[in-house]
Amino acid sequence: MELTRRDFLKASGAGIGAAVLFGAAGSIGGSAAAGTHTLHKQIGEKTTTCPYCGVGCGAIMAVQDGKLVSIEGDPDHPVNEGSLCPKGASLYQIANNEQRVTKVLYRSAGGSSWEEKTWDWALGEIASRIKQTRDDSWVSTDGDGYLVNRTEAIASVGSVFPNSEEAYLMTKMQRALGLVYIENEARVCVSSAVAANDETLGRGPMTNHWIDLGNSDCVMVIGGNVAESFPIAFKWVTRAKEKGAKLIHVDPRFTRTSAMADIYARMRTGTDVAFVGGIIKYVLDDIERFGDYKYNMDYIKNYTNAPLLINSAMRGPQDSRMEVGGLQSGDGLFSWYDPATGSYDKSTWQYQVDGSGVPLKDDTLAHSNCVFQIMKKHFARYDVDTVCQITGTNKETYLEVCQTYAATGAKGKAGAIIFSSGACEHSHGTQNVRAYGILQLLLGNIGVSGGGLNGIAGASNGLGASLQGRLFHWLPGALPPPMAQYQTLNAYTTGVTAAASPVPKTLSGWTGRPKHIVSLLKAWYGTNATAGNDFGYHYLGKRGGSYTLMHLFEAVNAGTIEGLICWGMNPAVSAPNSGFTRDALAKLKWMVVIDLFETETAAFWNRSGVSPADIDTEVFFLPAACSLEKEGSVTSSARWMQWRNKGPEPPGDAKPDMDIINDLMIKTKELYQADASAPNRDAIVNLAWNYGGYGAAVDAQAVAKEINGYAVEAFTTGTRTYAAGELLDSLSHLQQDGKTSCGNWLYCGSYTEAGNMAARRDANDTTGIGLYPNWAWAWPVNRRIWWNRASVDEDGVPWDTQHPVIQWRNNTWLGDVADGGGNPLSDAAGYYPFIMNWEGRGRLFGPGRADGPLPEHYEPWESPVVNAMSSQQDDPALKVWESNGKGTVEEYPILATTFRLVEHLHTGSFTRNLPQLLELQPAMFVDISEELAEEKGISSGDKVVIKCARGQIEAVAVVTKRLRPFYVDGQAVHEIALPWHWGYMGMSSGDSANSLTPRVSDINTMIPEYRAFLCSIRKA
C-alpha cells in the first residue's frame, strides 16, 4: 500500500513545524470529544486555526495543566495537511512568552512610565472617558438639519485578529455608542481589490480557494510573493505544477516565488496596468484572429458585457484632447474630467438602453460603441514595445507571458491570478485589480475550477472581522451604514436596495437588504426593535462622509478625535508617513490599546526624540489573550469559516477580547442607566446585551448563534416552518417583518439546529475537485467557488468536463452550491451567472469607479520617469494628503518599494518578540542591486541611510542579485526594497519603512500608496 504524506503524519503523530521543535509525545489513540482531535498525546488535544495569514491552516494544541506544551500542524486539515510555515511553527512561543503584557497598565498624562492597575479600575475609567467624550462631542443634527446621532470625537481602529464573534460584539457596542470612525488593517491593505471586484464581478473577496489552485493549468502571481508570504497556499500551486501547469511570476524582485516559476517577468513597481493591459491587447487581437478556434466566445458574448453598447459620447484617454464646458477628456483622461475638483462626471460611461432600461447589445461584437470595440480601441496603445518600455520587462519574456497565459482562454482550460497587497497598495490599486478581472473574464477564467481572481488577505480573520462590521462603511454583512439623508428605515432601504433589474433572466442580488437590516436590528435591540419604532433604526448613527484611516488621522491631528481605541492594530508603524501618525497621537486626550505585546502605538510617548512630559495623552493598556487561549471562528481569504478551540489559559491577567468588550459595555451601560439626560442614551440602554454578568466568560457559541440568527416567533416560509427560538437554516429564510433576528445575513446557515457548521471536520471530498463541502463552512450558503454558473454553458454542461464545479442533471444542479439556484441560462427559468450585477454579466467595462471605466496606466505619485502612455503623469483623481509636496527625481532618484517576509507579520509586534523568528530575520534591512551598490560604494552588512521627502531611516544593506536596474527609454532606474515589519519596540527594534511612504490614496478606497515612492540612499 502506498503511504501518503498525510498518512505518514497521522501515523507518526507529528506534523511539520513546532512538533519537531518542541517534541511530541507518542501515539496512544483515544476517542474524540467535541472540539478535540483524535490523535496521540497522553494529554488534552484541541484543534485551532493559525492566527497569522489568511490561508487558514489547522494546528493541534497539546495542553497540560492549562499550559501549551506542544503545537503541530493538523494532518487532517485539507488545506495545510499537517504543514506549518515558520510563523505557524512558532505559535508555541506566543503562548509561552515572557514579553507578553500580563497586567493592566496605565500611563498618566505627562507620565514617563507605566503603572499597574486592576481590570475594574481601568474599565471604569475607560467607560467614564468614553461617556464624557461621547456626550461632550455629540452631534444630534448636522448642518442640514438631519438627525444623525453620532460622535466624531472617538475612533476605533482594528482589528483583523480577534475571532469573528469578538469582532461582531465590538461593532455592536461601537455602533450603539454612535461611533463612525471605525477602521481596520484589512481595509487599509486590500480594499482596492474589493472595490475592483465589486465593479467587475459584483462582490469583492477571493473567488476560488486554496486547494482549487491545484486544478489550474496556469497560475500568474502578480503583486505578491506567495511562496514567502503564504507558503502553505503556495503548496497548491506546486501541486498544479506537478500536473503540468505553468507558473508565471511578475515582480520587481526575484523572490522564492520567482525561483519556482516557469516564467519570471521583471516589472517596475507601479506599472501593473501597463503590464496586464498589454496581455489584454494580445488576447483581444488573438480573439479577432482566431475567435472560437482558440477562445470561449460563448462565455464572452453571453456572460460578459462585451456586446453591450455604451453611450456614444464616451471618450477615452486615447482620444485627442477635448473640452466641453470646462470638462476635459482625451490624452490620458476619460470623459468628462473636471480639473477644478479633480473628479469625473461619469454620465457618458453608462449603457445605451431601450425604453424598458435594458442595455442595447450587438452579439456580433462589431458595433463601434459596444464594449468589445471600445476595449480594442482603448488597449490598442498597449503594444508590446510600449509596455516593455514602461515596465522595463524583457520583450521576449513578456511575449512568452502573453502567449502562455492567453492559452488558458480555451474551453476546458483554466488560469488563476493570485495577488495580494502588493497589487492593492497603490494610488491606482483599484485599477490594477480591475485589469486582472478584465483579463480573467476575457479568458473565461471566472467561475471555473482552477481559475479565479484570488486576492489574499494578509491576516487570519481580515475577511471575517471586516464582514462583522469593523469598517466605517460596513455594518455586519457589508450592509451600508445609514447616511444622514436616510432619516427613516424606509428611506434607508429604498436608498441602499437595488431595484429589480429590467434585464430578463437576472436575479439582482442586492434586493434583500430590507430583511437583512431589520433582522440585524432585531439582533441588536430585541424587543425594543418593533415595527412601530422602525425597528430601532433611529438608534444608529448616521454617516456624514468618509472616515478612512487617512481621514481618521487627519482628524486626530486636528484635535477633532479625542479618544482612540486600538484593538490589536499598530498604526504607529502601519500608517503611511508614520512620523506624522506618531506626532498626531500626542494630540489625543486618551487612548486604549488592547494587545499581547507593548506596541509602538502603545509606547508612542516613549520613543526617541520626544519627551514624555510634553505628551498629555492618557494611555490604557489592556492585556489580551492570544488566539490559542480562546474560542471562536475565523474566516480565511477563501471564505472558509473555521472554528478554533480554547487551548491554554491566558497568562496573568490577560483576557479574551470578548470578555473585555462585555465588561466594558456593562460598565458603560451602567453609566447611561444612571444618566437620564445623556444624548441618545436609549441606543445604549436598550441594546440587547445578555452575554453574562460583569467578569463572566462570554460563551462564543452563543454569540455565533446570534450571528446566524433565529426565529423571533413562529413562521413558515416555503415548505419550512420555524418554531420561536429555532435557529435559521438559510439567509433565504430571513424576514422583513421582524419575525427573524440575525446578526449577519451572510453568515446565516453557519450555526443551525444541526450544530456549528464552522466546527465540521469531514475531510472527505465528495466533489472530486477538492471543494471539501463538509469541512467547516463557507459564506454565503457554503458555496466554495463563486460565479460557478459561469463554469457551464447555457444548457448547464461544464466547459471543463474533467473539473466540473456544477452541472445540470435531471433538473437539478450537482456539485457546488450553484450561484442563485434557478435553471441553466437557456431555460425559461434560467439566470445569467453574475447574480450581483444588475445586468447579470461580468463587467469588462465598468461605469462606477471614480477614476475610469477601464484601467489606464499612470505613474505612481512619486516616479523617476515620465509617463510614456500619455501626458497625464499620475492618476488624475488620486487624493494627496501630504502637506510638504512630493519628492523630486533630482533629489530622490531611486524608486523604492516595500515587501513582507515569511518570518514576520505586519508591523512585527508579534513576531519581533519570538526568538525563533528573530533568529531567522533579526534586523531591519534593505535589498539593493549589485549595480546600485557599486555606484554608491555600499557593501552587504553596511549601515545605510535611506532618505525621502518625509524623513530618513537607517537599515542594513543586503546587496543582492534579486534586484537589477530597469531600463526605461535607455535610462537606468534603480529600485530598492524594504521589509515593513520593524519599529522601536520588541526584542528586535529598527526603523520603520513606513516612515518613508507617502500619504497619498487611491480615490476609490483611500488605500495608501505603500508600494512606490522616491528616495536616495547612501552609506551611513
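The shown structure was predicted, so the numbers you read here are calculated from the model rather than taken from an experiment.

Visitor: Help me understand the overall build of the chain in this model?
Guide: For the chain, the helix and strand inventory stands at 28 helices and 41 strands. Taken along its principal axes, the extent of the C-alpha atoms in the chain is 75 × 75 × 75 Å. Scored against the burial criterion, the 1020 residues of the chain give a buried share of 66%. Long-range contacts, defined here as pairs at least 24 residues apart, represent 72% of the contacts in the chain between residues at least 6 apart. For the chain, the exposed surface amounts to about 31900 Å²; the carbon and sulfur share of it is 48%. When the 89 positive and 109 negative side-chain charges of the chain are each reduced to one mean point, those points stand 1 Å apart.

Visitor: Is there a simple way to think about the pairing of strand β39 (residues 975–979) in this case?
Guide: Regular strands place side chains that alternate from one sheet face to the opposite one. Among the five residues of β39, five are classified as buried, and the element is accordingly described as predominantly covered. Burial along β39 is two-sided: the face carrying Glu975, Ala977 and Pro979 and the face carrying Ile976 and Leu978 are both buried. Here strand β33 (residues 894–899) runs beside β39; their pairing, made up of five bridges, is parallel. Bridging across to β39, Thr898 finds its partner in Leu978.

Visitor: In this structure, what is going on with helix α23 (residues 578–585)? I would like to understand it.
Guide: At 3.6 residues per turn, the α-helix brings residues three or four places apart onto the same side. Burial of α23 is extensive: six of the eight residues sit out of reach of the surface. All of the buried residues in α23 are Ser578, Phe580, Thr581, Arg582, Ala584 and Leu585. Of the surrounding elements, those touching the buried residues of α23 are α21 (549–558), β18 (563–567), α22 (571–574) and β19 (590–595).

Visitor: What should I look at first to understand the packing of aromatic side chains in this one?
Guide: The geometry of an aromatic ring pair is captured by two quantities: the separation of the ring centres and the angle between the planes. Overall, the coordinates contain 33 aromatic pairs when judged by the stated rule. With a centroid separation of 6.1 Å and an interplanar angle of 70°, the aromatic rings of Phe334 and Trp349 are classed as edge-to-face. Taken as a pair, Phe334 in the loop between β13 (327–329) and β14 (337–338) and Trp349 in the loop between β15 (343–344) and α13 (371–379) lie far apart in primary sequence, 15 residues in all. Each member of the pair, Phe334 as well as Trp349, is classed as buried. On the basis of an interplanar angle of 70° and a centroid distance of 6.3 Å, the ring pair of Phe472 and Tyr547 is categorised as edge-to-face. Taken together, the residues span a long stretch of sequence, with Phe472 in the loop between α18 (462–467) and α19 (489–496) and Tyr547 in the loop between α20 (513–525) and α21 at a distance of 75 residues.

Visitor: Explain the packing of helix α11 (residues 272–290) against α13 here, please?
Guide: A packed helix pair is summarised by two numbers, namely the angle formed by the two axes and the spacing between the axes. Two numbers describe how α11 lies on α13: the axes approach to 10 Å, and their chain directions differ by 130°. By the criterion of interaxial angle, the relationship of α11 to α13 is oblique. Viewed along their axes, α11 and α13 form a crossing whose handedness is left-handed. Two secondary-structure elements touch here, α11 through Gly277, Ile280, Lys281, Leu284, Ile287 and Glu288 and α13 through Phe372, Met375, Lys376 and Phe379. Split into classes, the residues belonging to the contact of α11 with α13 amount to six nonpolar, one polar and three charged.

Visitor: Teacher, can you tell me more about the sheet that holds strand β1 (residues 44–49) here?
Guide: Consider a sheet: its strands pair through backbone hydrogen bonds, and that pairing is either parallel or antiparallel. The antiparallel open sheet is built from three strands, whose spatial order is β1-β2-β3. Strands with a single pairing partner mark the edges of an open sheet, and in this sheet they are β1 and β3 (67–73). Neighbouring strand axes in the sheet, compared pairwise and without regard to direction, differ in orientation by 30° on average.

Visitor: Even after reading the chapter, I still don't get the pattern of salt bridges, so can you show me in this structure?
Guide: Pairing between side chains becomes possible if they bear opposite charge and their charged atoms approach one another. Under the defined criterion, the tally for this structure stands at 50 salt bridges. Asp385 is paired through a salt bridge with Lys395; the nearest N and O atoms lie 2.9 Å apart. Placement of Asp385 in helix α14 (residues 384–391) and of Lys395 in helix α15 (residues 395–406) is noted, with a sequence separation of 10 residues between them. For Asp385, a relative accessible area of 46% puts it in the partly exposed group. The closest approach of N and O atoms between Glu425 and Arg1011, which form a salt bridge, is 2.8 Å. Of the two residues, Glu425 sits in the loop between α16 (421–424) and α17 (429–442) while Arg1011 sits in the loop between β40 (1000–1001) and β41 (1013–1019), which places them 586 residues apart along the sequence.

Visitor: Looking at this structure, I do not really get empty space enclosed by the protein. What am I missing?
Guide: Sizing a probe to match a water molecule and rolling it over the atoms shows the empty space that remains. Summed over the entire model, instances satisfying the criterion amount to 10 cavities of 30 Å³ or more. One number sums up the size of the largest cavity: a volume of about 310 Å³. Surrounding the largest cavity, 23 residues form its lining, Gly223, Gly224, Asp251, Gly422 and Arg1011 being those nearest its centre. Sorting the residues of the lining of the largest cavity by element identifies β10 (246–251), α16 and β33 as the ones contributing at least two each. Among the residues forming the lining of the largest cavity, the class breakdown is five nonpolar, 13 polar and five charged. In this model, the second largest cavity occupies a volume close to 250 Å³.

Visitor: Help me out: how do you make sense of the layout of surface pockets in this one?
Guide: Looking at the second largest pocket, its volume works out to about 390 Å³. If you trace the second largest pocket, you find 21 residues lining it, with Arg203, Gly509, Leu731, Ile835 and Met836 closest to the centre. Across the lining of the second largest pocket, the residue classes break down as nine nonpolar, eight polar and four charged.

Visitor: Help me out: how do you make sense of unusual backbone geometry in this one?
Guide: Among all residues save glycine, negative phi is the norm, and among peptide bonds the norm is trans. For the peptide bond that leads from Gly158 to Ser159, omega is 0°, which places it in the cis range. For Ser159, the position within the fold is in the loop between β7 (147–157) and α6 (164–177). The amide bond that connects Trp779 to the next residue, Pro780, takes the cis arrangement and shows omega of -15°. We note that Ala776 has phi near 55°; this positive angle belongs to a residue other than glycine.

Visitor: I keep staring at α15 and nothing clicks. Help me out?
Guide: Over its 12 residues, α15 runs 16 Å from end to end, which matches the ideal 16 Å to within 8%, given 1.5 Å per residue. If you check the start of α15, you find a side-chain oxygen 3.0 Å away from the backbone N of Glu396, and it comes from Asn394.

Criteria and cut-off values
Residues numbered from 1 in each chain as written. Predicted model: local features only at pLDDT ≥ 70, side-chain atom pairs only at ≥ 80, totals over all residues. Heavy atoms only, no water. Helix = DSSP H or I, 4+ residues; strand = E, 2+ residues; numbered from the N terminus. Buried < 20%, exposed > 50% of the residue type's maximum accessible area, 1.4 Å probe, protein only. Contact = heavy atoms within 4.5 Å. Areas by Shrake-Rupley, 256 points an atom, 1.4 Å probe, with all protein chains shown as cover. Lys, Arg positive; Asp, Glu negative; His and termini not counted. Charge placed at Lys NZ, Arg CZ, Asp CG, Glu CD. Pairing = 2+ DSSP bridges. Phe/Tyr/Trp six-rings, centres within 6.5 Å; stacked < 30°, edge-to-face > 60°. Axes fitted to C-alpha atoms, helices over the stretch in contact; angles between N-to-C directions. Parallel < 35°, antiparallel > 145°, perpendicular 65-115°, else oblique. Left-handed = near helix turned anticlockwise from the far one by under 90°. Nonpolar A, V, L, I, M, F, W, Y, C, P; charged D, E, K, R; others polar. Salt bridge = Lys/Arg side-chain N within 4 Å of Asp/Glu carboxyl O. 1 Å grid on protein atoms, 1.4 Å probe; cavity = no way out; pocket = protein on both sides within 12 Å on 5 of 7 lines; lining within 4 Å. Points joined across faces, edges and corners; volume = space filled by probe spheres on them. Expected span 1.5 Å × (residues − 1). Polar contact = N/O pair within 3.5 Å; in protein donor to acceptor, adjacent residues only side chain to side chain.

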